[in-house]
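What follows is each chain in one-letter form.
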Amino acid sequence: MTRPIYGVLLLLLLVACGPRQLEPDDASECDLCNDWNLPQEPFRIYGNTWYVGTAGLSSLLVEAGDGLLLIDGGLPQSAAVIDANIRKLGFDPLRISAIFVSHAHFDHAGGVAALQRLTGAVVYSSIAGATALSSGELQQDDPQFLDALQRGFPAIANVTAIGDRDVVTTAGVEITAVYTPGHTPGGMTWTWESCALGTCNKIVYADSLTAVSAEGYRFSAGPAADQLIESADTISLLDCDILLSPHPFFFGMHDKLERREEGNPFVNNVACFIFAETALGWLEQRLHSEGH
Ligand SMILES: [Zn+2]
């Protein structure tokens, strides 16, 4: 055997035996990106549900008998943080069989492409969300569309689109999709049940309901305002014991972590109602600023 062949064999051996690597996409840049991506110690929220996101962008791991599910992937540069957090908890990210996305913006879908490449997971989204996720670009009816050039994200291969109230049963866990557009045309809220020590709680991962847009967009001129009102109404009526959401400040994560010795502050069956009321307040302010 000649020397070059030995070299090739050695290389193949190294690739086969070396540590598997998450291949990151280019980092997104924005004013808040560095703060959002600060590390966060992963922790159990309740039962089978764990927080594995960064300090400012949520990502959840749901543990099931047959595997793991992931919800949201933060920024492109968050994927490595999420991967490390999952391993820190003692789970193998390669067991993730499904990834659910709240909405197709760079700060929640940015890391999903890399996490899908790593795990081979099926990615689930709404029908409108799937179009945006597959292209890596905001759609024209997204209130933040004018920022599309700055706010794209790595396109995600093979997104599975599902409809309102569809139930995905994967790895032994049932996750229900609740269509909540307004912040984006494809926003999806995800809900599932988590049980521990004989007590079961309904967890709601409520999508963002903030009336944020590119300059010049008017919520009062399009369908987004009505969608936000309807989505807030939908979330306020959900069976909801634990509220979670794409940005930790929406559900007071850091405050709640300070109060963990008082029991589990994440269990609060009026949190969804308050979240919805708060969103309606923000919308009212926005419409007022638009002259309505
Ligand atoms: Zn967003």
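Residues numbered from 1 in each chain as written. Predicted model: local features only at pLDDT ≥ 70, side-chain atom pairs only at ≥ 80, totals over all residues.

Peer 1: Could you clarify how one ought to interpret the environment of Asn 37 in this entry?
Peer 2: Positionally, Asn 37 belongs in the loop between α2 (33-36) and β1 (43-46). With 25 C-beta atoms packed within 10 Å, Asn 37 lands in the buried category. Taking the C-alpha atoms as reference points, Asn 37 and Gly 53, separated by 16 residues in sequence, lie 8.6 Å from one another. (Helix = DSSP H or I, 4+ residues; strand = E, 2+ residues; numbered from the N terminus. Buried ≥ 20, exposed ≤ 12 C-beta atoms within 10 Å, placed from the backbone.)

Peer 1: Help me understand the packing of helix α7 (residues 224-236) against helix α9 (residues 271-289), please; the structure alone is not making it clear to me.
Peer 2: Packed helices, taken two at a time, are described by the angle between their axes plus the distance between the axes. For the pair α7 and α9, the least separation of the axes is 8 Å and the interaxial angle reads 165 degrees. Of the possible angle classes, the one that applies to α7 and α9 is roughly antiparallel. For the pair α7 and α9, the crossing hand works out as left-handed. Side by side, α7 and α9 meet where Ala 225, Leu 228, Ile 229, Ala 232, Asp 233, Ile 235 and Ser 236 of the first sit next to Cys 272, Phe 273, Phe 275, Ala 276, Ala 279, Leu 280, Leu 283 and Leu 287 of the second. Considered class by class, the residues forming the contact of α7 with α9 number 13 nonpolar, one polar and one charged. (Axes fitted to C-alpha atoms, helices over the stretch in contact; angles between N-to-C directions. Parallel < 35°, antiparallel > 145°, perpendicular 65-115°, else oblique. Left-handed = near helix turned anticlockwise from the far one by under 90°. Contact = placed C-beta atoms within 7 Å. Nonpolar A, V, L, I, M, F, W, Y, C, P; charged D, E, K, R; others polar.)

Peer 1: In this structure, what is going on with the sheet that holds strand β8 (residues 167-170)? I would like to understand it.
Peer 2: Adjacent strands of a sheet form backbone hydrogen bonds with each other and so pair up, either parallel or antiparallel. One open sheet accounts for five strands, arranged β8-β9-β10-β11-β12; its pairing is mixed. Strands at the two margins of the open sheet, each flanked by one partner only, are β8 and β12 (242-244). In this sheet, neighbouring strand axes are inclined to one another by 25 degrees on average, regardless of whether the strands run parallel or antiparallel. Where β8 and strand β9 (residues 173-179) come together, four bridges link them in antiparallel fashion. (Pairing = 2+ DSSP bridges.)

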